[in-house]
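# Working through the structure, step by step
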Amino acid sequence: MVNGGLEGVVVAETTTSYVNGQTGELWIRGVPVAEVAADGRFETALTRMVPEASFELGPARVAAHRALAPARGESGMVALRRAVAQLDDEADEDVLVATIAVAGAHWVGQRAGRPPMPPDPTLDHATDVLRMATGYADPVRGRAFGTYLATVIDHGMNASTFAARVVTSTGSDCTSAVLAALGALKGPLHGGAPGPVLDLLDAIGTPDRAEAVIAAELAAGRRLMGFGHRVYRVRDPRAAVLEGAVDALVQAGHTSPRLELARVVEPVAVARLAEHKPGRPLHANVEFFTAVLLDALGFDRAAFTPLFAMGRIGGWLAHIREQRADGRLIRPRATYVGPAAQAKPSTT
Ligand code: ACO
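Here we summarise the structure given alongside this text. (Residues numbered from 1 in each chain as written. Predicted model: local features only at pLDDT ≥ 70, side-chain atom pairs only at ≥ 80, totals over all residues. Heavy atoms only, no water.)

## A few points about the overall build of the chain
The condition that has to hold: Helix and strand definitions follow DSSP, with helices as H or I runs of at least four residues and strands as E runs of at least two, each counted in order from the N terminus. C-alpha atoms define the radius of gyration, and 2.2 Å times the number of residues to the power 0.38 defines the globule rule. Classification of residues uses two cut-offs on accessible area relative to the type maximum, computed with a 1.4 Å probe and protein chains only: under 20% is buried, over 50% is exposed, and between them is partly exposed. Contact definition: two residues touch when any of their heavy atoms are within 4.5 Å. The method behind every accessible area is Shrake-Rupley, applied with a 1.4 Å probe, and residues are considered shielded solely by the protein chains displayed.
Counting secondary structure elements, the chain contains 16 helices and three strands. Scaling as 2.2 N^0.38, a compact globule of 348 residues should have a C-alpha radius of gyration of about 20 Å, and the chain matches this with 21 Å. Principal-axis analysis of the C-alpha atoms places the extent of the chain at approximately 85 × 55 × 40 Å. Residues counted as buried form 50% of the 348 residues belonging to the chain. In the chain, the proportion of contacts linking residues at least 24 apart, taken out of those at least 6 apart, comes to 76%. Accessible surface computed for the chain: about 16200 Å², of which carbon and sulfur atoms make up 55%.

## What to know about the pairing of strand β2 (residues 25-28)
Cut-off, in case you're wondering: Two strands make a pair as long as DSSP finds a minimum of two bridges between them.
Alternating residues of β2 divide into Leu26 and Ile28, all buried, and Glu25 and Trp27, none buried. For strand β1 (residues 17-20) and β2, the ladder comprises four bridges, and the chain directions are antiparallel. Each bridged residue has a counterpart across the sheet, and for serine 17 the counterpart in β2 is isoleucine 28. Of the strand pairs in this sheet, β2 and strand β3 (residues 31-32) are connected by two bridges, and their pairing is antiparallel. Across the sheet, residue isoleucine 28 finds its bridge partner in β3, namely valine 31. Between β2 and β3, which pair antiparallel and follow one another directly, the connecting turn spans two residues, one of which, arginine 29, has a positive phi of 45 degrees.

## Thoughts on the pattern of salt bridges
For clarity, the cut-off: When a carboxyl oxygen of Asp or Glu lies within 4 Å of a side-chain nitrogen of Lys or Arg, that pair is called a salt bridge.
The final tally for this structure, using the stated rule, is 19 salt bridges. The salt bridge involving arginine 230 is made with glutamate 7; its shortest N-O contact spans 3.3 Å. Of this pair, arginine 230 sits in the loop between α12 (210-219) and α13 (237-251) while glutamate 7 is found in the segment before β1, placing the two residues 223 residues apart along the sequence. Salt bridges linked by common partners bring Asp199, Asp202, Arg258, Asp295 and Arg301 together as one network.

## Focus on the site of the ligand
So the rule is basically this: Note on definitions. A residue lies near a molecule or strand when any single heavy atom of the residue is within 4 Å of it. Any pair of N or O atoms that falls within 3.5 Å is considered a polar contact. Within protein, one atom must be able to donate a hydrogen and the other to accept it, and sequence-neighbouring residues count only if both atoms are side-chain atoms. Any residue outside Ala, Val, Leu, Ile, Met, Phe, Trp, Tyr, Cys, Pro, Asp, Glu, Lys and Arg is labelled polar, Gly included; the first ten of those are nonpolar and the last four are charged.
Near the ligand you find 17 residues, and of these Arg223, Leu224, Gly226, Phe227 and Lys277 are the closest. Phenylalanine 227 is positioned such that a nitrogen or oxygen atom in its backbone is 2.8 Å from a nitrogen atom of the ligand. At 3.0 Å from an oxygen atom of the ligand is found a side-chain nitrogen or oxygen belonging to arginine 230. In isolation the ligand exposes 920 Å². Once the protein is present, 68% of that is buried. Grouping the amino acids of the shell around the ligand by side-chain chemistry returns eight nonpolar, four polar and five charged.

## As for the environment of alanine 215
Positionally, alanine 215 belongs in helix α12. On the accessibility criterion, alanine 215 (39% relative accessible area) is partly exposed. With 112 residues separating them in the primary sequence, alanine 215 and alanine 103 have C-alpha atoms 41 Å apart.

## Here's the deal with the layout of surface pockets
Rules: A 1.4 Å probe that fits into a set of points on a 1 Å grid over the protein atoms alone but cannot get out defines a cavity; an open set with protein on both sides within 12 Å along at least five of seven lines defines a pocket, and lining residues are those with an atom within 4 Å of a point. Grid points are joined across faces, edges and corners, and a volume is the space filled by probe spheres set on the points.
Within this model, the second largest pocket holds a volume of roughly 270 Å³. If you go around the second largest pocket, you meet 16 residues; those closest to its centre are Val11, Ala12, Arg328, Leu329 and Ile330. Those elements that place two or more of their residues in the lining of the second largest pocket are α8 (159-169) and α16 (304-326). Of all the elements, α16 adds the most residues to the lining of the second largest pocket, at three residues. Here the residues of the lining of the second largest pocket sort into eight nonpolar, two polar and six charged.

## A word on the packing of helix α7 (residues 139-151) against α13
Between two packed helices, both the angle of their axes relative to each other and the distance between the axes serve to describe the pair. Put simply, the rule reads: The axes used here are C-alpha line fits, helices contributing only the stretch in contact, and every angle between their N-to-C directions lies in the interval 0 to 180 degrees. Orientation categories follow fixed angle ranges, with anything under 35 degrees roughly parallel, anything over 145 roughly antiparallel, 65 to 115 roughly perpendicular, and all other angles oblique.
Close contact between α7 and α13 brings their axes to 9 Å; oriented N to C, the two are set at 175 degrees. Classed by the angle they form, the pair α7 and α13 counts as roughly antiparallel. Of α13, the residues touching α7 (which contributes Val140, Arg141, Ala144, Thr147, Tyr148 and Thr151) are Arg238, Val241, Leu242, Ala245 and Leu249. Looking at the contact of α7 with α13 residue by residue, the classes come out as seven nonpolar, two polar and two charged.

## Focus: the packing of aromatic side chains
Put simply, the rule reads: Pairing of aromatic side chains requires ring centres within 6.5 Å, counting the rings of Phe and Tyr and the six-membered ring of Trp. Pairs whose planes differ by under 30 degrees are stacked, by over 60 edge-to-face, and all others tilted. Distance and angle both matter: a charge sits over a ring if NZ of Lys or CZ of Arg is within 6 Å of the ring centre and within 35 degrees of the ring normal.
Evaluated as defined, the whole model comprises five aromatic pairs. Between the aromatic rings of phenylalanine 288 and phenylalanine 289, the centroid separation amounts to 5.1 Å while the plane-to-plane angle is 85 degrees, which identifies the pairing as edge-to-face. Each member of the pair phenylalanine 288 and phenylalanine 289 is classed as buried. An aromatic cluster of three or more residues is present, and its members are Phe145, Tyr148 and Phe299. Here the basic side chain of arginine 141 rests over the ring of tyrosine 136, its NZ or CZ set 4.0 Å away from the ring centre.

## Observations concerning helix α5 (residues 93-111)
Since there are 3.6 residues in each turn of an α-helix, residues three or four apart along the chain are aligned in direction. Counted only if it meets this: To estimate how far a helix should reach, multiply one less than its number of residues by 1.5 Å.
Over its 19 residues, α5 extends 27 Å from the first C-alpha to the last, a length consistent with the 27 Å expected when each residue adds 1.5 Å. Among the 19 residues of α5, 17 are classified as buried, and the element is accordingly described as predominantly covered. Glycine 113 sits one or two positions beyond α5 and adopts a positive phi of about 85 degrees.

## Here's the deal with the environment of alanine 303
By the element assignment, alanine 303 lies in the loop between α15 (286-296) and α16. Of the residues examined, alanine 303 reaches a relative accessible area of 1% and is grouped as buried. Once the C-alpha coordinates of alanine 303 and serine 75 are considered, the two residues, 228 residues apart in sequence, prove to be 8.6 Å apart.

So, in structure tokens, the structure goes:
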């Protein structure tokens, strides 16, 4: 029997992240994700994820900025792919982190009509990337963005991580493995969910419409975006971290037009989903509050997947290292179901 999605197939041992879908736990190298993201600095999560590397994100950002001036793309993921493709085979890990961040930030800025902003090595990574992308940053917004990048840094054997490991398993180079991961993340089934969450919130519009719109969506056979998960049977632990980050923004005087609405929608959606699919627990996933947070930081839907890549690069690098150290060539098999080379002569 063919298992095309490889569900349940274990292809590696890892010390990067632990995901327990029943209890709603995500550990990053043995530490709960909420703790890893608590200081709002991507550097903290990155150093935890890839402790062997010495990240010098300030100077690397400067180097990447020079390398990236010609980077263009019709979509943000194409811009990232082009930027990474220009790098040497064995580009330093901090250059890869910086290249993805700076290419993404420039792409966002260019779409808004701003010329590329040079990096400011005095700022932490997330604050500076946010500044280059949106034109301004303050410590509160920088911390919220850093929380986001840290929260999505790794999550088990997801498709882009697996793609990076497959390429690495052939003995190929780190830049090629990251390109493969970017290609996997570009697909809508992996990196594309938070945009439709905003569509759902927009369709609801005001809290008093939540019950009616959710009932209508389910009656029409549509899925509620931002709810349900292949692994989690409880609320995704990342949802709480990201909700807290939006809350901190609002407490500090920033606005989040969709936070209040999201907080009304979530319990209504969970209750209606429980009636709709009894026996299948469906709760908010990471994308629900990712959408609310990135929207509050001033990003539009088109930027969401490149922003995800800016965080997930940390996990890719850790898995590439692990695969190099311990892994075998990943080479599964296929069952041939095509025509035979020669028709067998009939014996009758
Ligand atoms: N709204 C309504 N019904 C749902 C939802 C939802 N959000 N999620 C699952 N269901 C239903 C399905 O219709 C299915 O019912 P059926 O058995 O009658 O066909 C049942 O619950 C099980 O769903 P599956 O698709 O088999 O579960 P799977 O584990 O493959 O799905 C997924 C997980 C794809 C995330 C799903 O919950 C979904 O489509 N959610 C909405 C999209 C979304 O939020 N995606 C982001 C996920 S987070 C991430 O991937 C990083």
